[in-house]
Amino acid sequence: MTWRTDQEGKGKQTDTKQSQVSSAEVRIGPMRLTQDPIQVLLIFAKEDSQSDGFWWACDRAGYRCNIARTPESALECFLDKHHEIIVIDHRQTQNFDAEAVCRSIRATNPSEHTVILAVVSRVSDDHEEASVLPLLHAGFNRRFMENSSIIACYNELIQIEHGEVRSQFKLRACNSVFTALDHCHEAIEITSDDHVIQYVNPAFERMMGYHKGELLGKELADLPKSDKNRADLLDTINTCIKKGKVGYTKPHSFRYKNRRKESIDVKSISSRGSDAPSLQNRRYPSMARIHSMTIEAPITKVINIINAAQENSPVTVAEALDRVLEILRTTELYSPQLGTKDEDPHTSDLVGGLMTDGLRRLSGNEYVFTKNVHQSHSHLAMPITINDVPPCISQLLDNEESWDFNIFELEAVTHKRPLVYLGLKVFSRFGVCEFLNCSETTLRAWFQVIEANYHSSNAYHNSTHAADVLHATAFFLGKERVKGSLDQLDEVAALIAATVHDVDHPGRTNSFLCNAGSELAVLYNDTAVLESHHTALAFQLTVKDTKCNIFKNIDRNHYRTLRQAIIDMVLATEMTKHFEHVNKFVNSINKPMAAEIEGSDCECNPAGKNFPENQILIKRMMIKCADVANPCRPLDLCIEWAGRISEEYFAQTDEEKRQGLPVVMPVFDRNTCSIPKSQISFIDYFITDMFDAWDAFAHLPGLMQHLADNYKHWKTLDDLKCKSLRLPSDS
């Protein structure tokens, strides 16, 4: 299809032959560019044989063609389409002033890369041919002597495409390259064969202590030395130049601007109007965004500054800074790195005993629990095996390895006891009983005790949520890079942590408990109150009765390691340290991995080496993502979860008002709350960055597509001023 524009400037669709020419490949140096089909604008007041000649020539060449009858419609059409070629009828002046039309188009920014052709009347043999200067001064690039032959028009257009149009296309690509160089943090210069400086970027200006005007056109060796460009630095650069290096730099990742970030992306403008991502972005969309993450924790700023300083430092300094980065990227940044016992055993024992969480001695103190935790186990039915699961449940569980598994169907068919059944299936798949050396009977009894201590009256924080987090954790553990980074103890710890991570949750937030002066808040000093309670209660419930003690047959060392891993993961779900956990994962896992993928010279420790510090970060990130994966579920599941968490927050607000407590989340007033707005904010500030980082590591394209679709759903509702989960017509 092509488009004609009538005299009123309105589009009128006209059927033509299907274009035979698609996008063309153009090379400029090492760059390979794809040029979209050429767009041509014909400006003719009336249809005649000449306009038809160009029309059918465009069709033959595969160009997209528009026809405008008035100067106004022509300008409007051009500003919309940004045509590469414009043909203006200059033969008659009674309809419009062709030169005035050309000048009006040239006054717009998009016309910089447009070729404008003037169609002039044929001159008789007894008249002298007119000069082209007036046309050039008006903004025309070429003149075409009137000729309605389709082949003549075709030849003219083809010559323009392979001449001026392709040159302008390459020029735009060059402009994008120079824009990229200007934003590069590395010092870059371009010189002639005689070492005369032709270009320097701002980083080079800063390094040398001169501005661009003082450098261009001169040889670097001729510049006077100053404090800013030390002799040793100049000598190094000159040596590189004499060896034939034109600016010494390594590949650099450029950044883009999105709706929440302040980084800059240098995108090639050679493919105007194209929304298609580059090949690299199609392969690693989340990895590309990792470079632009600006959560801006102080440690992130420090690491970025050191990275920038490394780029232009001598080798010895760069190696020292590598050691600094290695220290900064440790997971226990503020804990001392103790020496050996021989150096100072007294200090080592004292500091280790007081500051190392994993080595604290067990106390005999009992924890204070809420009213429903002292449940007797005697009423529990005799556990059955996984093979005795009812067929309706077993059939549902056949799909439990899929991300789209519907946990709400399992909730319904199990009468709000999904955790036992899903847990037995998942733990069996991962060989948990074999690892713990416990029977399936013990495991089932343990699941029953844990599930009994989830509050089914909670709209959100109930055993269905626990089962959902367990399902997500198992799914993540099945991803290749996650599986290759963790050992079986890590997997078992992750599955147990997911199961117990919200046990005995009261359906109220930590802030509510602190404001209300609850027993738990007093016990845990207003710090990670619920998360500390979940882990403490889970272990007490487990070890107090041998019938459900899944740890009774493992040795002490394994138990302590497993226990510490479970505690660490559950505490990681506490949101006050959300950005700290995400920052550490990005700096210690994503960025070194990205450097490896991009072939960087960085010698950072990759995540795949399975260092204990990296394994801890991966497990924390995994359970954090599993805990809040609702926005990445299929839309129907996402909507159901959004409704449930909103109802729980509404209930908290109601209770805060009844008790005269501070309202922690005023927006969650059931009479005024916009659920779409709350979901948009949650995704913007907590979900997107975290899942970009996790996707870059674990490769989760399906989840990221769900996230995009669900975000679009909430945005659509918000744009329509709808405050509910769905449009009324969809309910």
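Residues numbered from 1 in each chain as written. Predicted model: local features only at pLDDT ≥ 70, side-chain atom pairs only at ≥ 80, totals over all residues. Heavy atoms only, no water.

Participant: Tell me what's going on with the overall build of the protein, and back it up with residues and numbers.
Facilitator: Each helix and strand in the protein was counted, giving 30 helices and eleven strands. Accessible area of the protein: about 36700 Å², with a carbon and sulfur share of 51%. (Helix = DSSP H or I, 4+ residues; strand = E, 2+ residues; numbered from the N terminus. Areas by Shrake-Rupley, 256 points an atom, 1.4 Å probe, with all protein chains shown as cover.)

Participant: Outline the nonpolar core, listing residues and values.
Facilitator: Core analysis: the largest hydrophobic core is formed by 108 residues, its most contacted members being F476, F691 and W694. Here this core takes ten residues from helix α29 (residues 675-698), the largest share from any one element. Beyond its immediate sequence surroundings of up to four residues, F691 is in contact with F476, C625, V628, A629, C632, L703 and M704. Grouped together as the second largest cluster of nonpolar side chains are 22 residues, L42, W55, I67 and V87 included. (Core = buried A, V, L, I, M, F, W, Y, C linked by side-chain atoms within 4.5 Å. Buried < 20%, exposed > 50% of the residue type's maximum accessible area, 1.4 Å probe, protein only. Contact = heavy atoms within 4.5 Å.)

Participant: So what about the packing of aromatic side chains? Which residues, and what values?
Facilitator: The geometry of an aromatic ring pair is captured by two quantities: the separation of the ring centres and the angle between the planes. The tally for this structure, following the rule as stated, stands at 21 aromatic pairs. Within the aromatic cluster, the residues linked to one another by ring pairs are W403, F475, F476, F585, W694 and F697. R444 extends its terminal NZ or CZ atom over the ring of Y421, reaching a point 5.2 Å from the ring centre. The side chain of R563 reaches across the aromatic face of F539, ending 4.6 Å from its centre. (Phe/Tyr/Trp six-rings, centres within 6.5 Å; stacked < 30°, edge-to-face > 60°. Lys NZ or Arg CZ within 6 Å of the ring centre and 35° of its normal.)

Participant: I'd like to hear about the environment of D689, residue by residue, with values.
Facilitator: In this fold, D689 is placed in helix α29. Linking D689 and F579, residues 110 residues apart in sequence, is a C-alpha distance of 9.6 Å.

Participant: Describe the confidence of the model for the protein, with residues and values.
Facilitator: Taken over all residues, the pLDDT of the protein has a mean of 80, while the share at 70 or more is 76%. Predicted confidence is poor over residues 240-284, with pLDDT under 50, and the contacts of this stretch with residues over four places away or in other chains come to 78 contacts. Under a pLDDT of 50 for its full length, residues 344-383 has, in the predicted model, 51 contacts with residues more than four places off or in other chains. (pLDDT = per-residue confidence, 0-100.)

Participant: Describe the sheet that holds strand β7 (residues 85-89), with residues and values.
Facilitator: Strands sit in the order β6-β5-β7-β8-β9 across an open sheet of five strands; the sheet is parallel. One side of each edge strand has no neighbouring strand; the edge strands of this open sheet are β6 (64-68) and β9 (142-145). Neighbour to neighbour, the strand axes of the sheet diverge by 20° on average, direction disregarded. Bridge count between strand β5 (residues 39-43) and β6: five bridges; the pairing is parallel. In the strand pairing of β6, I43 is matched with A68. The strands touched by helix α2 (residues 71-81) within the sheet are β5, β6 and β7, with β5 carrying the most contacts at an inclination of about 175°. Helix-sheet contacts for helix α3 (residues 98-106) involve β5, β7 and β8 (115-120), and the interaxial angle to β7 is about 155°. (Pairing = 2+ DSSP bridges. Axes fitted to C-alpha atoms, helices over the stretch in contact; angles between N-to-C directions.)

Participant: Tell me about the packing of α29 against helix α30 (residues 701-719), residues and numbers included.
Facilitator: Where α29 contacts α30, the two axes come as close as 10 Å, and the packing angle between them is 160°. Relative to α30, the element α29 is oriented roughly antiparallel. Crossing geometry of α29 relative to α30 is assigned as left-handed. Within the contact between the two elements, α29 uses I675, P676, K677, Q679, I680, I683, D684, I687, F691, D692 and D695 and α30 uses P701, L703, M704, L707, Y711, W714, K715, L717 and D718. Its residues assigned to classes, the contact of α29 with α30 shows 13 nonpolar, one polar and six charged. (Parallel < 35°, antiparallel > 145°, perpendicular 65-115°, else oblique. Left-handed = near helix turned anticlockwise from the far one by under 90°. Nonpolar A, V, L, I, M, F, W, Y, C, P; charged D, E, K, R; others polar.)

Participant: Go over the packing of helix α28 (residues 635-659) against α30 with me, naming the residues and quoting the values.
Facilitator: Helix-helix packing is described using two parameters, namely the angle between the two axes and the distance between the axes. Axis separation between α28 and α30 bottoms out at 10 Å; the angle between their running directions is 55°. Between α28 and α30, the angle is such that the two are oblique. α28 and α30 meet at a crossing whose hand is right-handed. Between α28 and α30, the residues in contact are L635, C638, I639 and A642 and N710, H713 and W714, respectively. Considered class by class, the residues forming the contact of α28 with α30 number five nonpolar, two polar and no charged.

Participant: Break down the pattern of salt bridges for me, citing the residues and quoting the values.
Facilitator: This model, assessed by the stated rule, comprises 21 salt bridges. Close ionic contact of D48 with R91 constitutes a salt bridge, the shortest N to O distance being 2.5 Å. Of this pair, D48 sits in the loop between β5 and α1 (49-61) while R91 is found in the loop between β7 and α3, placing the two residues 43 residues apart along the sequence. A relative accessible area of 16% places R91 in the buried class. Between D568 and R620 there is a salt bridge whose closest N-O contact spans 2.8 Å. You can see D568 sitting in helix α25 (residues 556-572) and its partner R620 sitting in helix α27 (residues 612-627), a full 52 residues away along the chain. Taking relative accessible area as the criterion, D568 reaches 22% and is therefore assigned partly exposed. A residue is classified by how much of its surface remains accessible, and R620, at 7% relative accessible area, is buried. Each of the salt bridges in this network shares a partner with another, and the network as a whole consists of D48, D89, R91 and E146. (Salt bridge = Lys/Arg side-chain N within 4 Å of Asp/Glu carboxyl O.)

Participant: I'd like a rundown of unusual backbone geometry, residues and numbers included.
Facilitator: One non-glycine residue, K416, adopts positive backbone phi at about 65°. Relative to the helices and strands, K416 resides in the loop between α15 (407-413) and α16 (418-429). Even without a glycine there, the phi angle at D526 is positive, about 60°. In this structure, D526 sits in the loop between α23 (519-523) and α24 (529-543). Judged by its relative accessible area of 47%, D526 falls in the partly exposed class.

Participant: Lay out the UniProt feature "binding site: Zn(2+) 2" (unreviewed entry) in the protein with the relevant residues and their values.
Facilitator: Per the UniProt record, "binding site: Zn(2+) 2" (unreviewed entry) is annotated on D502. With respect to the helices and strands, the residue D502 is situated in the loop between α21 (488-500) and α22 (510-516). Other than its neighbours up to four places away in sequence, D502 contacts Y454, H461, H465, H534 and D627. (UniProt positions renumbered as here; feature names shortened; annotations may be inferred.)

Participant: So, helix α12 (residues 315-328): which residues are in play, and what are the values?
Facilitator: With 14 residues, α12 ought to run about 20 Å at 1.5 Å a step, and its terminal C-alpha atoms sit 20 Å apart, in line with that. Within the sequence span of α12, burial applies to A318, L321, L325 and L328. Along α12, the residues classed as buried sweep out an arc of 70° about the axis, all on the same side. α12 presents V315, T316 and E319 as exposed residues on the side facing more than 90 degrees away from its buried surface. Looking at the buried positions of α12, the neighbouring elements they touch are α11 (298-311). (Expected span 1.5 Å × (residues − 1). Arc of directions from axis to C-beta.)

Participant: Can you tell me about a nonpolar patch on the surface, naming the residues and giving the values?
Facilitator: A cluster of nonpolar side chains, namely V132, L133 and L136, defines an oily patch on the protein surface of about 240 Å² accessible area. Relative to the helices and strands, L136 resides in helix α4 (residues 133-138). The exposure class assigned to L136 is partly exposed, which follows from its relative accessible area of 43%. (Patch = residues over 30% accessible without salt bridge, like charges linked within 9 Å, V, L, I, M, F, W, Y side chains within 5 Å.)

Participant: Give me the lowdown on the side chain of H713, citing residues and values where you can.
Facilitator: Structurally, H713 can be placed in helix α30. Each residue touching H713, except ones within four places of it in the same chain, is listed here: L635, I639 and L725.

Participant: I'd love a proper account of the side chain of T70, names of residues and values included.
Facilitator: One can find T70 in the loop between β6 and α2. Under the relative-accessibility criterion, T70 is labelled buried at 19%. Among the polar contacts listed, one links the side chain of T70 to the side chain of S73, at a separation of 2.8 Å. (Polar contact = N/O pair within 3.5 Å; in protein donor to acceptor, adjacent residues only side chain to side chain.)

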